[in-house]
Amino acid sequence: MRLSPLPTLFLLAAALSTQAAPVPLHMHRGVSVPLERLHDRPSQLDVHGPERVGDWHKGHAEGRHGRMRRGRAARQPLSIGLGDLSISSLLFPPSTSSPSSSPAPEPAAPALQPSTFSADVVPASNAQGYSLDSLRAALDGGLTPANPPAVNHALGLDIEANDIGYVATIQIGTPPRAFKMLMDSGSADTWVPSTRCAACGAQQARLGVENSRSFRSLQEPFGVTYGSGSVSGVIIRDEVTIAGMTLPQHTLGVALTESSQFSADNVSFDGLMGLAQGSISSQGVPTPVEALKQAGLVSRAVVGYKLGRVADGTNDGEICFGGVDPSKFKEETWVTVDNVSPDGFWEVRLEAVAVNGRGVRLGATKAILDSGTSLIVMPRADADAIHALIPGASRDSTNGYTIPCTHRASISLAIGGRAFAIDPRDLAFIPLDPNNLEGRCMSGIMAGSMGAEDEMLVGDVFLKNVYMATDEDQNTISLAETLPPTEGRVA
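Cut-offs used in this document
- Residues numbered from 1 in each chain as written.
- Predicted model: local features only at pLDDT ≥ 70, side-chain atom pairs only at ≥ 80, totals over all residues.
- Heavy atoms only, no water.
- Helix = DSSP H or I, 4+ residues; strand = E, 2+ residues; numbered from the N terminus.
- Polar contact = N/O pair within 3.5 Å; in protein donor to acceptor, adjacent residues only side chain to side chain.
- Salt bridge = Lys/Arg side-chain N within 4 Å of Asp/Glu carboxyl O.
- Buried < 20%, exposed > 50% of the residue type's maximum accessible area, 1.4 Å probe, protein only.
- Pairing = 2+ DSSP bridges.
- Contact = heavy atoms within 4.5 Å.
- Axes fitted to C-alpha atoms, helices over the stretch in contact; angles between N-to-C directions.
- Arc of directions from axis to C-beta.
- Phe/Tyr/Trp six-rings, centres within 6.5 Å; stacked < 30°, edge-to-face > 60°.

**Topic: the environment of R425**
Here R425 shows up in helix α6 (residues 424–427). Sequence spacing of R425 and D312 is 113 residues, and the spatial spacing of their C-alpha atoms is 9.9 Å. A distance of 2.9 Å separates the side chain of R425 from the side chain of D312, its partner in a polar contact.

**Some remarks on the pattern of salt bridges**
For the structure shown, the criterion picks out 14 salt bridges. One salt bridge connects D471 with R300, and the closest N-O pair in it is separated by 2.9 Å. In this pair, D471 sits in strand β27 (residues 466–471) while R300 sits in the loop between α4 (288–294) and β11 (302–306), placing the two residues 171 residues apart along the sequence. Taking the relative accessible area as the measure of exposure, D471 reaches 0% and is therefore buried. Between R309 and D312 there is a salt bridge, and its shortest N-O distance comes to 3.1 Å.

**Regarding the sheet that holds strand β24 (residues 440–443)**
The sheet built from 4 strands is open, its strands ordered β19-β20-β24-β23 with antiparallel pairing. Looking at the sheet topology across the chains shown, the edges are occupied by β19 (394–395) and β23 (428–431). Bridge count between β23 and β24: 3 bridges; the pairing is antiparallel. Opposite P431, over in β24, you have C441 as the bridge partner. Running at roughly 15° to strand β20 (residues 401–404), helix α5 (residues 380–387) makes contact with β19, β20 and β24 of the sheet.

**A word on α5**
Along α5, the positions that sit buried rather than exposed are D382, A383, I386 and H387. Down the axis, α5 shows its buried residues gathered within 125° of arc, on one side only.

**Brief notes about the pairing of strand β21 (residues 411–415)**
Counting buried positions over the 5 residues of β21 gives 5, a clear majority of the element. Of the two faces of β21, the one holding I411, L413 and I415 and the one holding S412 and A414 are both buried throughout. Inspection of the sheet shows strand β15 (residues 352–355) paired to β21 by 4 bridges, in the antiparallel sense. Its bridge partner being in β21, A354 is matched across the sheet by S412. Where β21 and strand β22 (residues 418–422) come together, 5 bridges link them in antiparallel fashion. By the bridge assignment, I415 is partnered in β22 with R418. Here β21 folds back onto β22 in antiparallel fashion, the turn holding 2 residues, of which G416 has a positive phi close to 65°.

**What to know about the packing of aromatic side chains**
By the definition in use, this model includes 5 aromatic pairs. An angle of 85° between the planes, with centres 5.2 Å apart, marks the rings of W191 and F262 as edge-to-face. Taken together, the residues W191 in strand β6 (residues 191–193) and F262 in helix α3 (residues 260–263) connect sequence positions 71 residues apart. Using a relative accessible area of 0% as the deciding quantity, one classes W191 as buried. Each ring, one from F329 and one from Y467, has its centre 4.9 Å from the other, and the planes form 45°; the classification is tilted. Note that F329 is positioned in the loop between β12 (318–321) and β13 (335–338) and Y467 in strand β27, a separation of 138 residues in sequence.

Structural measurements only, silent on function.
In structure tokens:
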């Protein structure tokens, strides 16, 4: 399950400056936001397993958004000016065996033509029902390994279970130890388990003075409550290496207690990396990408995301720090919009939503883009309106919906003058009966108590279908259509 890099036709050079001024940060110690995960069963297929997994995800997604809403009152917007994002200034060159610290020449910006809202229906790719590979991944848990990164300053994103989370490996400590980190664009705290944690997962990698000569405790407590659990511990400094870039004394947390959602034996990661804006960090410290820029290791506080999909049969997932990987997206579809969140999240304005080319009038006009949430959560009236246009859709007994696993519905979100469609496979989140993959599936869209009726929370159901880049310097978000994995294979 590997994918080779794209042809060099798409690999354009970037200016990778080794000098950069620090990002001005306004730190506030508030409640950060959560993550999304779960596979609560081993490998045995039974009729009730997927339904319980689905119920967990619905409850978790609703709790996650509730945490976002409640944490807003004390937060202030970042003092960063808006501006246009030139794609050419973000493109990384192809990876080499020894990454160069010298800047590469910057090409001229390509002429990107914004398109109007498209009513085209995405060809159905789930006519045979829910993917058996995805079902096995959902019930077995674990990670689907990613390809080696196609560019420098990037990490492969392993897929947790059936696309419910995305995990990259970094190194911490002296000597360096590998830590598997859940990548979360919806929170801003980074932590790993402590060697002195009595309530952490037995299988998790740990960090402490016992195994790292560069470990320094700041004797400051921290605590983060997520939609599906919590951690608490102390703030420390240690050497952290991310995609070959080393921060000699980076500030992060070590957990002394983890709730069962993090410490259970089936958890596939060690810690979490928060990549929202640092203004919402509960620890009150810069995020990793902010620290990389402050150290001059990247020229811009940009993170590029390509999320993989188990059903594709290959995992081309990748996360870039300081730029983007042009081998992962269709350059002509690139759009850049202002971040409309005043609270440190990554949020876009929705221009239109359509189901099978038919526009839907929704109350929600803004969407928080959160890689740490699997589902899409929106106000009840909006979720009802969308499912009313999906043949065979119906409400369940909670806040969810069921749809035929073989549905052909195409849902598109228009952002920045371009429509981005959700693959039908992604809307069918999990089958209710694992012995009938052509039966009923839980929908990837659920109703949630939003607090703000003009907002929705958009997770991996949508984000798997786009390349996303967040730029804290410009306070902008860029999106593009992803290239199919088959286009990425070379001899």
